[in-house]
Amino acid sequence: MTTISNEIALNDHARVVYIPDFLDPHTSESLFELFLNTLHWEQSTITLFGKQHLIPRLNAWYGEMPYKYSGTEFKQRDFTAELQTLLLKIQQQSNITLNSVLANLYRSGSDCMGWHRDNEKSLGPQPQIASLSLGETRRFVLRSRVDHQKKQVLELGNGSLLLMLGDTQKDWEHSLPRTRKPVGPRINLTFRQSY
C-alpha cells in the first residue's frame, strides 16, 4: 500500500499532516468493531462556566497516568495489545513520542466536539497529537485563535491519520461539528504524550 501524505502549513510554527490511507480498509473495519465492543466507554461530564454537562460523545482513556480536562478525571488504564500496536506504528510514521490515548466514540451525527485546544498542562508546552479515525467519515475544522475566519476543513475518513504538529495546539482550535446527515458511528483515537 502506498501512503499518501498531505501537509498543511497553518502558520510558520504550526502544521498538520493528513494521511488518508494510514490503515487499509480491512484493518480499519476490524479495529473499529473490536474497539466499539471492548474499550471502556463512558459518558463523562465537563464543567463549563461553573455548570456540569454531559459531553455529546463517549470516551475512554488509556495511558501510564491519569488524565484530567474540564473537570473530568480519567483513571490510569493499561493499553490493550491493539492500542499498543497502533501507538508503535504511529510513532514510527510520525517520529512523535506517545504514551497515552483518549478515545472518542461519536455514535451518530448528533455527537460532536466543540471548539477547543488540547493544551492541558499534563501534555507539556507543545503538545503533538496523532489522531486516528475509524468508522464513518466526519468533518473536522481548524480555526485560528486570532482570526476565526481563517479555517482549514478536512474530511477525516476510515483508517486516516491526522498529525497536529508544532504550535497547532497553541495557535489553533479544532472541532468536530454536528451533522444532520445520517451517519453511522466513528471512533477517534487521539494519541499524545502525557507527563
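This text follows the structure it describes.
To keep things clear, this report deals only with the structure shown in the data block. None of the values given here were measured: they were computed from a predicted structure.

1. Considering the overall build of the protein
Secondary structure assignment for the protein yields 3 helices and 15 strands. The C-alpha atoms of the protein give a radius of gyration of 16 Å, which matches the 16 Å a tight globule of 195 residues would have. The C-alpha extent of the protein, read off along each of the three principal axes, is 40 × 40 × 35 Å. In the protein, once contacts between residues fewer than 6 apart in sequence are set aside, the share between residues at least 24 apart is 71%. Surface exposure of the protein reaches about 10,000 Å², of which carbon and sulfur atoms provide 49%. The protein carries 22 positive and 20 negative side-chain charges, and their two centres are separated by 8 Å.

2. Some points on the layout of surface pockets
Size it by volume and the largest pocket reaches roughly 480 Å³. Along its surface, the largest pocket is lined by 32 residues, and Arg57, Tyr69, Met113, Gly114 and His116 are the ones closest to its centre. For the lining of the largest pocket, the elements supplying multiple residues, two or more each, are β3 (45-48), β4 (51-54), β6 (67-69), β8 (100-106), β9 (113-116), β14 (172-176) and β15 (186-192). Taken together, the residues of the lining of the largest pocket sort by class into 15 nonpolar, 10 polar and 7 charged.

3. Re the side chain of Ser94
Within the secondary structure, Ser94 sits in helix α2 (residues 81-94). Looking at Ser94, its side chain comes within polar contact range of the main-chain oxygen of Ile90, at 2.7 Å.

4. A few points about the packing of helix α1 (residues 25-38) against α2
Put simply, α1 and α2 touch, their axes get as near as 11 Å, and they point 135° apart. On the basis of their axis angle, the class for α1 and α2 is oblique. Judged by the sense of rotation from one axis to the other, the crossing of α1 with α2 is left-handed. Note on element contacts: α2 touches α1 through Glu82, Leu83 and Leu86, opposite Leu31, Leu34 and Phe35. When the residues that make up the contact of α1 with α2 are grouped by side-chain class, the tally is 5 nonpolar, no polar and 1 charged.

5. As for the nonpolar core
By size, the foremost hydrophobic cluster in this structure holds 30 residues, and its most contacted members are Phe35, Leu189 and Phe191. Of the residues forming this core, the biggest block, 4 residues, is contributed by α2. Contact partners of Phe35, with chain neighbours within four places excluded, come to Trp41, Thr80, Glu82, Leu83, Leu86, Leu134, Ile187 and Leu189. The next biggest cluster of nonpolar side chains, apart from the first, holds 16 residues, and it includes Leu10, Val16, Phe140 and Leu154.

6. A closer look at α1
Taking 1.5 Å of rise per residue, 14 residues should cover 20 Å, and α1 covers 20 Å from first to last C-alpha, within 8% of that figure. Of the residues making up α1, those classed as buried are Ser28, Leu31, Phe32 and Phe35. Here the buried residues of α1 occupy an arc of 110° about the axis, which is enough to place them on one side. Of the residues in α1, the exposed ones pointing more than 90 degrees away from the buried face are His26 and Asn37. Where α1 is buried, its residues meet α2, β10 (129-135) and β15.

7. Structural notes on the side chain of Asn59
Mapped onto the secondary structure, Asn59 falls in strand β5 (residues 58-63). Look at Asn59 and you get buried, because its relative accessible area is 0%. At 3.0 Å, the side chain of Asn59 forms a polar contact with the side chain of Ser44. Once residues within four sequence positions are removed from consideration, Asn59 is found in contact with His40, Trp41, Glu42, Ser44, Tyr69, Phe74, Leu102, Ala103 and Asn104.

8. Observations concerning the packing of aromatic side chains
On inspection of all chains with the given rule, the structure shows 2 aromatic pairs. On the basis of an interplanar angle of 15° and a centroid distance of 4.4 Å, the ring pair of Trp61 and Tyr67 is categorised as stacked. On the accessibility criterion, Trp61 (0% relative accessible area) is buried. For Tyr67, a relative accessible area of 2% gives the class buried. With centroids separated by 6.5 Å and ring planes inclined at 20°, the aromatic side chains of Tyr67 and Phe74 adopt a geometry described as stacked. With a relative accessible area of 2%, Phe74 lands in the buried category. Clustering of aromatic rings is evident, with ring pairs tying together Trp61, Tyr67 and Phe74. Here Arg77 stacks its cationic end above the ring of Tyr62, 5.6 Å away from the centre of that ring. Over the ring of Phe22 we find Lys89, and its NZ or CZ is 5.0 Å from the ring centre.

Definitions and cut-offs
Residues numbered from 1 in each chain as written. Predicted model: local features only at pLDDT ≥ 70, side-chain atom pairs only at ≥ 80, totals over all residues. Heavy atoms only, no water. Helix = DSSP H or I, 4+ residues; strand = E, 2+ residues; numbered from the N terminus. Rg over C-alpha atoms; globule rule 2.2 N^0.38 Å. Contact = heavy atoms within 4.5 Å. Areas by Shrake-Rupley, 256 points an atom, 1.4 Å probe, with all protein chains shown as cover. Lys, Arg positive; Asp, Glu negative; His and termini not counted. Charge placed at Lys NZ, Arg CZ, Asp CG, Glu CD. 1 Å grid on protein atoms, 1.4 Å probe; cavity = no way out; pocket = protein on both sides within 12 Å on 5 of 7 lines; lining within 4 Å. Points joined across faces, edges and corners; volume = space filled by probe spheres on them. Nonpolar A, V, L, I, M, F, W, Y, C, P; charged D, E, K, R; others polar. Polar contact = N/O pair within 3.5 Å; in protein donor to acceptor, adjacent residues only side chain to side chain. Axes fitted to C-alpha atoms, helices over the stretch in contact; angles between N-to-C directions. Parallel < 35°, antiparallel > 145°, perpendicular 65-115°, else oblique. Left-handed = near helix turned anticlockwise from the far one by under 90°. Core = buried A, V, L, I, M, F, W, Y, C linked by side-chain atoms within 4.5 Å. Buried < 20%, exposed > 50% of the residue type's maximum accessible area, 1.4 Å probe, protein only. Expected span 1.5 Å × (residues − 1). Arc of directions from axis to C-beta. Phe/Tyr/Trp six-rings, centres within 6.5 Å; stacked < 30°, edge-to-face > 60°. Lys NZ or Arg CZ within 6 Å of the ring centre and 35° of its normal.

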